Amino acid sequence: MFSSNIISTFLPPVLVMGGISLVLAIIIIIASKFLAEYGPCKLIINEEKTIEVTGGYSLLSSLISNKIFIPSACGGRGSCGYCKLTVLDGGGPVLPTERPYLTPKEVDENVRLSCQVKVKSDMQVKVPEEYLSIQEFRAAVLYSKDLTYDMKEVRFTLKEPSAIKFKPGQYIQFNIPTKKGETIYRAYSMSSLPSTPNEVELIVRLVPGGIGSTYIHSLKEGDEVNISGPYGEFFLQERSDYDIVCVGGGAGMAPLKAIIYSLFEKGADRKVDLYFGVRSMKDLFYIEEFDQLAKEHSNFHYSYALSDPEETDKWEGETGFIHLVLDKLIKEGEKKEAYLCGPPIMIDAVIKVLNEKGVSQDHIYYDKF
Ligand SMILES: Cc1cc2nc3c(=O)[nH]c(=O)nc-3n(C[C@H](O)[C@H](O)[C@H](O)COP(=O)(O)OP(=O)(O)OC[C@H]3O[C@@H](n4cnc5c(N)ncnc54)[C@H](O)[C@@H]3O)c2cc1C
Ligand code: FES
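None of the values given here were measured: they were computed from a predicted structure.

(A) Looking closely at the overall build of the protein. Helix and strand counts for the protein stand at nine helices and 17 strands. Seen through its principal axes, the protein has C-alpha atoms that stretch 90 × 65 × 45 Å. Partitioning the intrachain contacts of the protein with sequence separation of at least 6 by distance along the chain shows that 68% fall at a separation of at least 24. Positive and negative side-chain charges in the protein, numbering 40 and 49 respectively, have mean positions lying 4 Å apart.

Laid out in structure tokens, this is it:
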């Protein structure tokens, strides 16, 4: 009796509320469908090329789907600031998600994060000429080998096109297929040399739960993938005859390996010093390779430092953070050019040490990741 009273009191309002929610949901779905459909839009590139795209997608993905590749190391998540383009017309107001990556000058000059700007109408865009030469490649895994418990060296043969032209230090973007059938993009520095243009070697650290690194670690010999490149402003300055200091940590080895081996392949007679930081012995790799290089070239020296050695490590080399080791070992006031690659916190600390040692800011090049 009591329960049937409750049902008759509460059921009608519940049904009414449910009905209203359903109608509202249908209205929202229909409205968003119409609002999101901007129809075909024209992208006018560098005032000379016009492409037609479907409105409603980001400027970055609209360009990529037309094989115009823009650096986008975070894969369009708005967290790297690499995808800047000048939008001369049709970009709408700057979004709060773009602000942290744009200087006031860039805002004045209509620079935008192309992954955040949606194409909703015709748009005029300036794409730097060097981006227009970035290509997409079909590649097959030549081999994949463990360097440590979480680091792999993976080498690919380029199939179509069959060669990539790049500078030591530059990176490629990897197309990662997701379970939802989408493609996401991740950046990986090339550790191979420009003198083997038909192959690309990567050194990839497995990030627990990471989509891109897990995918690359799962690849087997013969697997085919898509990559694009080359990208990046971090590369060996061939013109300089200053001594070279390379400092890195973790997967930051990849571009440094390419820079160091390229130098010696070209018969470098300048001094090349590598300072490399890892946590403990289990993170060490390429010791034999660098020992061999040091034997062959008296102008090459390298120092590894363990920041957190384990009791069982029995390490007799340097310990501590790599910037402190650098501070201890590097001499002041010499003409040096520095290439740094590793986590942002490490790079910032190393730059400070280099500045204090008299290495000028415009001779310090780095990639933070
Ligand atoms: C220019 C450039 C060059 C790069 N070169 C290399 C390279 O040579 N080798 C290499 O291994 N990587 C390199 N990276 C990093 C690489 O692009 C990916 O960011 C990295 O592999 C993680 O991607 P993911 O998809 O596996 O992880 P995601 O799925 O993106 O992230 C999974 C989770 O891990 C966290 N996470 C992401 N990255 C890290 C990290 N590095 N450490 C700890 N936690 C993290 C995220 O916040 C997230 O919670 C480079 C990045 C840039 C910008
Ligand atoms: S792709 Fe990284 S911020 Fe746009």
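(B) View of the domain arrangement of the protein. Segmenting the protein into domains produces domain 1 (40-129), domain 2 (134-231) and domain 3 (243-368). Relative placement of domain 1 and domain 3: their C-alpha centres are 37 Å apart.

(C) How the structure looks around the side chain of S228. With respect to the element layout, S228 can be found in strand 11 (residues 224-231). Among the polar contacts made by the side chain of S228, one reaches the side chain of Y231 at a distance of 2.7 Å. Not counting residues up to four positions away in its chain, the partners in contact with S228 are F69, I134, Q135, E136, F137, I172 and Q173.

(D) Main features of the sheet that holds strand 15 (residues 318-319). One open sheet holds the six strands; their spatial order is 15-14-13-12-16-17, and the pairing between them is parallel. The two strands at the open ends of the sheet, each matched to only one other strand, are strand 15 and strand 17 (364-368). Those strands touched by helix 6 (residues 253-265) are strand 12 (243-249), strand 13 (272-278), strand 14 (300-306) and strand 16 (336-342), and its axis lies near 155° from that of strand 12. The sheet contacts of helix 7 (residues 287-296) involve strand 13 and strand 14, and relative to strand 14 the element is tilted by about 150°.

About the criteria used
- Residues numbered from 1 in each chain as written.
- Chains lettered and ligands numbered in written order.
- Predicted model: local features only at pLDDT ≥ 70, side-chain atom pairs only at ≥ 80, totals over all residues.
- Heavy atoms only, no water.
- Helix = DSSP H or I, 4+ residues; strand = E, 2+ residues; numbered from the N terminus.
- Contact = heavy atoms within 4.5 Å.
- Lys, Arg positive; Asp, Glu negative; His and termini not counted.
- Charge placed at Lys NZ, Arg CZ, Asp CG, Glu CD.
- Domains from an automatic or database assignment.
- Polar contact = N/O pair within 3.5 Å; in protein donor to acceptor, adjacent residues only side chain to side chain.
- Pairing = 2+ DSSP bridges.
- Axes fitted to C-alpha atoms, helices over the stretch in contact; angles between N-to-C directions.

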